[in-house]
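As a plain string of letters, each chain reads:
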Amino acid sequence: MSTIIRGKELAQTLREKTARAVEAYHLKTHKRPGLAVIQVGEDPASTVYVNNKEKACQAAGIRSSVHRLSRDSSQLELMALIEQLNRDESIHGILCQLPLPDQFDAFTATAAIKPEKDVDGFHPLNAGLLFLGREAPVPCTPLGVLAMLKAYKIPIAGQHCVIVGRSNIVGKPMAQLMLRENATVTTAHSRTQNLPELCRQADILIAAVGRARMITADFIKPGATVIDVGVNRCSDGKLAGDVDFESVSTVAGAITPVPGGVGPMTIAMLLQNTLDAFLRIEKLTGEV
Ligand code: GUN
């Protein structure tokens, strides 16, 4: 039986650390980080994520506001809202929940967010900085995955990391982060041939495809670390990851569960990115 990488517990520890730092800066400056979350439309999964982000901010002493636009609002209205939040000095972080309804252009929206307020790390400038190996805000889910690997002392340098999925939110930034940590990185996707065989070469396998339980035990090198980024709602209403936990956990050395794995880490990293944006914008040092 493999080690269970308990993201939920680690996320709680990290959230408490961020909350303590927020309180210390508040004592010193009488200011608090402010996060603005934009949701366009009523996608039920996005509503759950946005509500969870708001609750987590409250618990950490971060001011948060949720800005909801109806699904038939226009790109122009969205751009005007982003402009208003860019100018608002009490807002240090801006996040536009994705996916946007079809008539919106997510690239134009994320590129309109001031790069220093981009707590998602999705702005093309920040994505480019990550690609060049420079300091920049990093997307929350890949950052959370890396924090889990480090907390569980999983060796990364020189290890073969296979990432299944090439999204801008997870797969691509994850590959850059793992490269920065000196892993040997392969990115696989829906057109990859011989996927099980390729995955069996991974010391660290990161699944971010969005297909319930598609990674089964035959994809796994014995002892490998398996990180499941998938959150899939099944027909019975239950959540399932991209990894078939039951079979894979008999072969893997370490594995994340769904729920309670990567998901809570994403939120913990958002709070950390918001605190970092606050420190940057208010020109505060990392020491309280
Ligand atoms: N949709 C799914 N994950 C994310 C995320 O990390 N940030 C935003 N803005 N939208 C998402």
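Scroll up to find the structure this text is about.
Note that this is a predicted model, so its numbers are computed, not measured.

Trainee: Mind laying out the environment of Asn273, listing which residues take part and the relevant values?
Mentor: Examined against the element boundaries, Asn273 turns out to sit in helix α10 (residues 262–281). Sequence spacing of Asn273 and Val138 is 135 residues, and the spatial spacing of their C-alpha atoms is 8.0 Å. The residues contacting Asn273, other than those within four sequence positions of it, are Val119, Val138, Cys140 and Leu143. At a separation of 3.0 Å, a polar atom in the side chain of Asn273 contacts the main-chain carbonyl oxygen of Val119.

Trainee: Break down the site of the ligand for me, with residues and values.
Mentor: Residues in contact with the ligand, as listed here, are Lys53, Leu95, Cys96, Gln97, Leu98, Asp120, Phe122 and Ile169. Contact between the ligand and Gln97: a nitrogen atom at 3.3 Å from a side-chain N or O atom of the residue. Taking Leu98, its main chain carries an N or O atom lying 2.9 Å from a nitrogen atom of the ligand. For the shell around the ligand, a count of residues per class yields five nonpolar, one polar and two charged.

Trainee: Please provide a residue-by-residue account of unusual backbone geometry, values included.
Mentor: Trans is the common state for peptide bonds, and a negative phi is the common state for residues other than glycine. Residues Leu98 and Pro99 are joined by a peptide bond in cis, for which omega reads 0°. Secondary-structure assignment places Pro99 in the loop between β4 (93–96) and α4 (106–112). Between Val258 and the following residue, Pro259, the backbone shows a cis peptide bond with an omega angle of -5°. With respect to the helices and strands, Pro259 occurs in the loop between β11 (254–255) and α10. For Asn182, which is not a glycine, the phi torsion comes out positive at approximately 70°. Residue placement: Asn182 occurs in the loop between α7 (171–180) and β6 (184–188). Phi at Lys283 is positive, roughly 55°, even though this residue is not glycine. Relative to the helices and strands, Lys283 is located in the segment after α10.

Trainee: Would you mind going over the packing of aromatic side chains in detail, with residue names and values included?
Mentor: All chains considered together, the criterion is met by one aromatic pair. Between Tyr25 and Phe278, the aromatic rings sit 6.4 Å apart at their centres with planes inclined by 75°, giving edge-to-face as the arrangement. In this pair, Tyr25 is assigned in helix α1 (residues 7–29) and Phe278 in helix α10, connecting sequence segments 253 residues apart. Taken as a pair, Tyr25 and Phe278 share a single burial class, namely buried.

Rules behind the numbers
- Residues numbered from 1 in each chain as written.
- Predicted model: local features only at pLDDT ≥ 70, side-chain atom pairs only at ≥ 80, totals over all residues.
- Heavy atoms only, no water.
- Helix = DSSP H or I, 4+ residues; strand = E, 2+ residues; numbered from the N terminus.
- Contact = heavy atoms within 4.5 Å.
- Polar contact = N/O pair within 3.5 Å; in protein donor to acceptor, adjacent residues only side chain to side chain.
- Near = heavy atom within 4 Å.
- Nonpolar A, V, L, I, M, F, W, Y, C, P; charged D, E, K, R; others polar.
- Phe/Tyr/Trp six-rings, centres within 6.5 Å; stacked < 30°, edge-to-face > 60°.
- Buried < 20%, exposed > 50% of the residue type's maximum accessible area, 1.4 Å probe, protein only.

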